[in-house]
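An overview of the molecular structure
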Amino acid sequence: MKILVVQLSESFHSLWVQLAEDVECGIGVVGAEDAPYRVPSDVVAVVIAAGGTELEALAWLERHAAAIATPVFVVGADEDRRIGLQLVRAGASDYLALPEDVELLRNSLGSAVSRRRESLRRDARAINEARPEAFAEIIGESPALKSVLARAARLLPHRHANALIIGETGTGKELLAQGIHHGGPRRSEPFVTVNCSALPEHLVESELFGHERGAFTDAQAAKPGLFEIADGGTLFLDEIGTLPLNLQAKLLRALETKVVRRVGGTTSHKVDLRIIAATNQNLRRDAQAGLFREDLYFRLSAVTLSLPPLRARDDDVILIAESLIDRLANHHGLRAPRLHPAARRALKAYAWPGNVRELKNAVERALLLAAPGKLELDELLPPDDEESNGRGPIPFPAPMREISAAAARATLDYCGGNRSEAARRLEISRQRLRKLLDTERLSA
């Protein structure tokens, strides 16, 4: 913990170290030009040393106050309380004229330090209570899975630590995000999920940041955005790689300042939340190709958690399948069958391109279509879709544009209509995939 002093004037320079020692806290002193726009999370209070530059302090506050969530104290030499009132209106917690108010400053800083220590103690108690159950819903004993869960567990005590979860479709990215939220100090606050790929491009900004009445044609009433709804808790941005480039800059600013403004609005709202993003795309490669903002990528990926695919998790497929059989059989009122040796071998031999999501669908299909208490291998694994004459869904011979379009359609069908996953497997952008599908539609 530390106090951040923004030195607009050299006045009181010798006071800061002594004050920090008195309240048992660290100290950091920066000039106005070096002050971070986003105050680090370990700062318990900001002190603006105005000296005789109270008007400069007022201008600095008007530019920065909305982005500072910690108490801000302005200290100066002017005893005129009218300047103090102006500074408080601009966002300061208090104005103190030194040397007369030095004891008041010391007490105010001491209170800020005490509040932060108590907050940290509450967080520690919450973690101790929640950690054993944080990842209880994630089944598996493989080293590959345990490694990423151990990494995720280290995030739990840190209420402001964001994360980027990467992994193939169906590996459980949202489940891991929920575990981080429910195992941390924000667990009693909202966990809000948004699938960036499912939002129409013209509505993404409104959904994330909200809108005021009359902001656009269909805005009949004001509506808070998901950032506001998740205030205090966690916002999970799934398929972040599909977010339009023009919105990525606004998202980056919101992440850095924790301040949002509704579409059509004139006032800003402070928010305090943890951001967890997820993607099945290679964001580093997309950033290098100009398809994703590099600064946003680095902002999101400070802590990266990579979930392994099911095929890399050894015997976890059996553990998950047995758990799914029990849960789904109970849901459908069926007698739970046992996995016979042939089914176990088949489950481990299959690559599971759809990962746990595909496994769940396969188990449910097998339970519903098999005789009571049995699990037929033919229903558990997907059928061979190749036609007996050897011809597949790709036309040949045919012009290259038709072959490419048919390949795009076949891949999309294979991925269950998930365009992001299809684009990833084809190693093309979603925009390129859309053009190929449009080409196929025009050729039909």
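Throughout this document, residue positions are counted from 1 along each chain, in the order its sequence is written. Only residues with pLDDT of 70 or above have their local features reported here, since the model is predicted, and side-chain atom pairs are shown and tallied only from 80 upward, although totals for entire chains, interfaces and linings are computed over all residues. Neither water nor hydrogens contribute to the side-chain values; these are computed over all heavy atoms in the structure.

Bringing the overall build of the protein chain into the picture now. Looking only at helices and strands, one finds 18 helices and 14 strands in the protein chain. For the C-alpha atoms alone, the extent of the protein chain along its principal axes is close to 90 × 50 × 40 Å. Relative to its full complement of 444 residues, the protein chain shows a buried share of 46%. Residue pairs at least 24 apart in sequence account for 71% of intrachain contacts in the protein chain once pairs closer than 6 positions are excluded. Think of it this way: Lys and Arg go in the positive column, Asp and Glu in the negative one, and His and the chain ends go nowhere. By convention, the charge on Lys lies at NZ, on Arg at CZ, on Asp at CG and on Glu at CD. Averaging the locations of the 57 positively and 60 negatively charged side chains of the protein chain gives two centres separated by 3 Å. Helix and strand definitions here come from DSSP, where helices need a minimum of 4 consecutive H or I residues and strands a minimum of 2 consecutive E residues; each element is numbered from the N-terminal end. Exposure classes here rest on a 1.4 Å probe applied to the protein chains alone. A residue is buried below 20% of its type maximum, exposed above 50%, and partly exposed in between. Whether two residues touch is decided by their heavy atoms; if any such pair falls within 4.5 Å, the residues are in contact.

What follows covers helix α13 (residues 341-349). Buried within α13 we find Ala343, Ala346 and Leu347. Burial along α13 is one-sided: seen end-on, the buried residues are contained in an arc of 100°. With respect to the buried face of α13, the exposed residues turned more than 90 degrees away are Pro341, Arg345 and Ala349. Among the structural elements, α12 (316-332), α14 (355-369) and α15 (377-380) are those in contact with the buried residues of α13. Taking the helix axis as origin, the arc is that swept by the directions to the C-beta atoms.

Below, the discussion takes up the pattern of salt bridges. Any Lys or Arg side-chain nitrogen found within 4 Å of a carboxyl oxygen on Asp or Glu counts as a salt bridge. The tally for this structure, following the rule as stated, stands at 17 salt bridges. Put simply, lysine 223 and glutamate 207 hold a salt bridge, and the shortest N to O gap is 3.0 Å. Here lysine 223, found in strand β9 (residues 223-224), pairs with glutamate 207, found in helix α7 (residues 204-209); they are 16 residues apart in sequence, far enough to count as distant.

This part covers the confidence of the model for the protein chain. Averaged over the protein chain, the pLDDT score is 84; the fraction of residues at 70 or greater is 90%. Per-residue confidence from the predictor is reported as pLDDT, a score between 0 and 100. pLDDT under 50 marks residues 385-392. Its contacts with residues more than four places away, or in other chains, come to 0 contacts.

Turning our eyes to something else, we now look at α14. Note on helix geometry: an α-helix contains 3.6 residues per turn, so any two residues three or four positions apart are oriented the same way. With 15 residues, α14 extends 21 Å between its outermost C-alpha atoms, agreeing within 8% with the 21 Å of an ideal straight helix rising 1.5 Å per residue. Within the sequence span of α14, burial applies to Asn355, Glu358, Leu359, Ala362, Val363, Glu364, Ala366 and Leu367. Expected span of a helix, by definition, is 1.5 Å for each gap between consecutive residues, and there is one gap fewer than residues.

Orientation is described by lines fitted to C-alpha atoms, with helices fitted over the stretch in contact, and by angles between N-to-C directions that extend from 0 to 180 degrees. With their axes 9 Å apart at the nearest point, α12 and α14 run at an angle of 50° to one another. In terms of their interaxial angle, α12 and α14 are classed as oblique. Our pair here, α12 against α14, has a crossing hand that is right-handed. Taken together, the residues of α14 that come into contact with α12 (itself represented by Val317, Ile320, Ala321, Leu324, Ile325, Leu328, Ala329 and His332) are Val356, Leu359, Lys360, Val363, Glu364, Leu367 and Leu368. For this scheme, ten residues count as nonpolar: Ala, Val, Leu, Ile, Met, Phe, Trp, Tyr, Cys and Pro. Four count as charged, namely Asp, Glu, Lys and Arg, and the remainder, Gly too, count as polar. Split by residue class, the contact of α12 with α14 holds 12 nonpolar, 1 polar and 2 charged. For classification purposes, an angle smaller than 35 degrees is called roughly parallel, one larger than 145 roughly antiparallel, one from 65 to 115 roughly perpendicular, and anything else oblique. For any helix crossing, the convention is left-handed if the near helix is rotated counterclockwise from the far helix by under a right angle, and right-handed if that rotation is clockwise.

Let us now look at the side chain of threonine 242. Relative to the helices and strands, threonine 242 resides in the loop between β10 (234-238) and α9 (245-257). Taking relative accessible area as the criterion, threonine 242 reaches 14% and is therefore assigned buried. Polar contact criterion, stated in full: a pair of N or O atoms within 3.5 Å, where within protein one must be able to donate a hydrogen and the other to accept it, and residues adjacent in sequence count only if both atoms are side-chain atoms. Of note is the side chain of threonine 242, whose polar atom sits 2.8 Å from the backbone oxygen of glutamate 239. The residues contacting threonine 242, other than those within four sequence positions of it, are Cys196, Ser197, Gln281, Ser420 and Arg430.

The geometry of α12 relative to α13 is characterised by a closest axis approach of 9 Å and an angle of 120° between their N-to-C directions. One way to sum up the angle between α12 and α13 is to call them oblique. The way α12 lies across α13 gives a crossing that is right-handed. For the pair α12 and α13, contact is made by Val317, Ile318, Ala321 and Glu322 and by Arg344, Leu347 and Lys348, respectively. Looking at the contact of α12 with α13 residue by residue, the class counts come to 4 nonpolar, no polar and 3 charged.

Pairing in this open sheet of 5 strands is parallel, and the strands run β7-β10-β13-β6-β14 from one edge to the other. Each edge of the sheet is formed by a strand with only one pairing partner; in this case those strands are β7 (191-195) and β14 (304-306). Each strand axis lies, on average, 20° off the axis of its neighbour in the sheet, ignoring direction. For two strands to be treated as a pair, DSSP must find at least two bridges joining them. In the sheet, β7 pairs with β10 via 5 bridges, with the strands oriented parallel. The residue of β10 that forms the bridge with asparagine 195 is aspartate 238.

A word on the side chain of histidine 181. Within the secondary structure, histidine 181 sits in helix α6 (residues 173-182). Residues within four places of histidine 181 in sequence aside, it is in contact with Arg186, Arg187, Glu189, Pro190, Phe191, Gly233 and Thr234.

For this analysis, a ring pair means two rings from Phe, Tyr or Trp (six-membered ring only for Trp) whose centres lie within 6.5 Å, classed as stacked if their planes differ by under 30 degrees, edge-to-face if by over 60, and tilted for the remaining angles. Applying the stated criterion across every chain, the model contains 4 aromatic pairs. Each ring, one from phenylalanine 191 and one from phenylalanine 236, has its centre 6.1 Å from the other, and the planes form 20°; the classification is stacked. Residue phenylalanine 191 is found in strand β7, and its partner phenylalanine 236 is found in strand β10; the two are separated by 45 residues along the sequence. Take phenylalanine 191 and phenylalanine 236: they sit in the same class, and that class is buried. Look at tyrosine 350 and tryptophan 352: their rings are 4.6 Å apart centre to centre, the planes differ by 85°, and that puts the pair in the edge-to-face class. Since its relative accessible area comes to 1%, tryptophan 352 is described here as buried.

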